[in-house]
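Structural features, examined
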Amino acid sequence: MADFFFKKDISQDINLLKNTNPELHQAWIDYHNSVFKDGALTKKEKELIAVAAAHITRCPYCIRGRVTTAKKSGATDEEIVEAIYVAMRFAMGAPYAYSSIAFEAYEAIEKGIPLTEGHFFKKDITHEINHFAKASGEISKHFMEFHKKVFSDGALSKKMKRGIIGLACAQLTRCPYCIRGCVKDALTFGVTKEQMAEAINVAMVMAAGACYAHTSIAMETLANINAREKTKMTSG
């Protein structure tokens, strides 16, 4: 058994996964490879989406792998760093949007309205977000400054950041408000349906990719169990 869960080389564990069910593994690889081909988005653009997505899924293997493939696909250090900052901003996005639930509940309690009445995720949360910003005081100003800097044109365009990388990250954070906002931005910047679909497919691969990489823990565990059982059988 390795001393660390996140060991550097997981190839032996991934081979066990592959060899245990080659047909399923090949279907996964075929889908993965089709997603990262040049299409409405270039392979480089998809790899930059994947870098951001890997930070959302918090998979160390995915981060290492996608930074490597992004560089091989021609991405600059500046582009990679900006993609990571987009991920950071969207990691904040769900708590920011969901502050509306907290402030809606607070107001309901103040008015004596049972929290079991009504519905979550109403379409217009402007009122609650304004209350959150006001209650945050000076912090809100710094948040908005960070927000503006993250999404300004730089090594990556505002279109790429908000309408494409942002959309993939929003899918992964499962924030309906963030997804809706990114689609609105995507249309504003001229992102096509095909580009949106490809960005979402990258997000899908990265969500599954984190599971795939972490099967190394399951496979190592299985290998150890099987080895112990084999030892028992031969010694018995």
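The paragraphs below set out a description of the structure included in this document.

Attention now goes to the packing of aromatic side chains. Per the stated rule, a full pass over the model turns up six aromatic pairs. An angle of 70 degrees between the planes, with centres 5.9 Å apart, marks the rings of Y96 and F132 as edge-to-face. One end of the pair, Y96, is in helix α5 (residues 77-110); the other, F132, is in helix α6 (residues 126-136), with 36 residues separating them in the sequence. Taking relative accessible area as the criterion, Y96 reaches 24% and is therefore assigned partly exposed.

Attention now goes to the environment of T116. Position of T116 among the secondary structure elements: in the loop between α5 and α6. For T116, a relative accessible area of 76% translates into the label exposed. Expressed as a C-alpha distance, the spacing of T116 and T188, which sit 72 residues apart in the sequence, is 38 Å.

Taking 1.5 Å of rise per residue, 14 residues should cover 20 Å, and helix α7 (residues 138-151) covers 21 Å from first to last C-alpha, within 8% of that figure. When α7 is considered as a whole, its buried residues turn out to be S140, F143, H147, V150 and F151. When α7 is viewed along its axis, its buried side chains cluster within an angular range of 90 degrees and face the same direction. Facing away from the buried surface of α7 by more than 90 degrees, the exposed residues are K141, H142, K148 and K149. Those residues of α7 hidden inside the fold are in contact with α5, α6 and α8 (158-173).

Right, let's talk about the packing of α8 against helix α9 (residues 176-188) for a bit. To describe two helices that pack against each other, one gives the angle between their axes and the distance between the axes. Where α8 contacts α9, the two axes come as close as 9 Å, and the packing angle between them is 165 degrees. In this view, α8 runs roughly antiparallel relative to α9, as classed from their interaxial angle. Of the two elements, α8 crosses α9, and the hand of that crossing is left-handed. Between α8 and α9, the contacting residues are R162, G163, G166, L167, A170 and Q171 on the first element and C178, I179, C182, V183, D185 and A186 on the second. Among the residues making up the contact of α8 with α9, the classes are represented as seven nonpolar, three polar and two charged.

Each value, and the rule that gives it
Within each chain, residue numbers correspond to sequence positions counted from 1 in written order. In keeping with the predicted nature of the model, local features appear solely for residues at pLDDT of at least 70, side-chain atom pairs appear and are counted solely at 80 or more, and the whole-chain, interface and lining totals rest on all residues. Remark: hydrogens and water are excluded; side-chain values derive from all non-hydrogen atoms of the structure. Classification of ring pairs uses Phe, Tyr and Trp, with its six-membered ring standing for Trp, and accepts pairs whose centres are within 6.5 Å; under 30 degrees between planes counts as stacked, over 60 as edge-to-face, and the remaining range as tilted. Labels follow the DSSP assignment, with helices taken as runs of H or I lasting at least four residues and strands as runs of E lasting at least two, numbered in each case from the N terminus. Remark: exposure states derive from per-residue accessible area (1.4 Å probe, protein chains only) relative to the maximum for the residue type, with buried under 20%, exposed over 50%, and partly exposed in between. Expected span, for any helix, means 1.5 Å times one less than how many residues it has. It is the directions from the helix axis to the C-beta atoms that the arc portrays. Any two residues whose heavy atoms approach within 4.5 Å are treated as being in contact. Lines fitted to C-alpha atoms define the axes here, with helix axes fitted over just the stretch in contact, and angles between the N-to-C directions of these axes take values from 0 to 180 degrees. Every angle not falling under 35 degrees, over 145, or within 65 to 115 is termed oblique; those three ranges are roughly parallel, roughly antiparallel and roughly perpendicular. Throughout, a crossing is termed right-handed when the near helix is turned clockwise from the far one, and left-handed when it is turned anticlockwise from it by less than a right angle. Any residue outside Ala, Val, Leu, Ile, Met, Phe, Trp, Tyr, Cys, Pro, Asp, Glu, Lys and Arg is labelled polar, Gly included; the first ten of those are nonpolar and the last four are charged.

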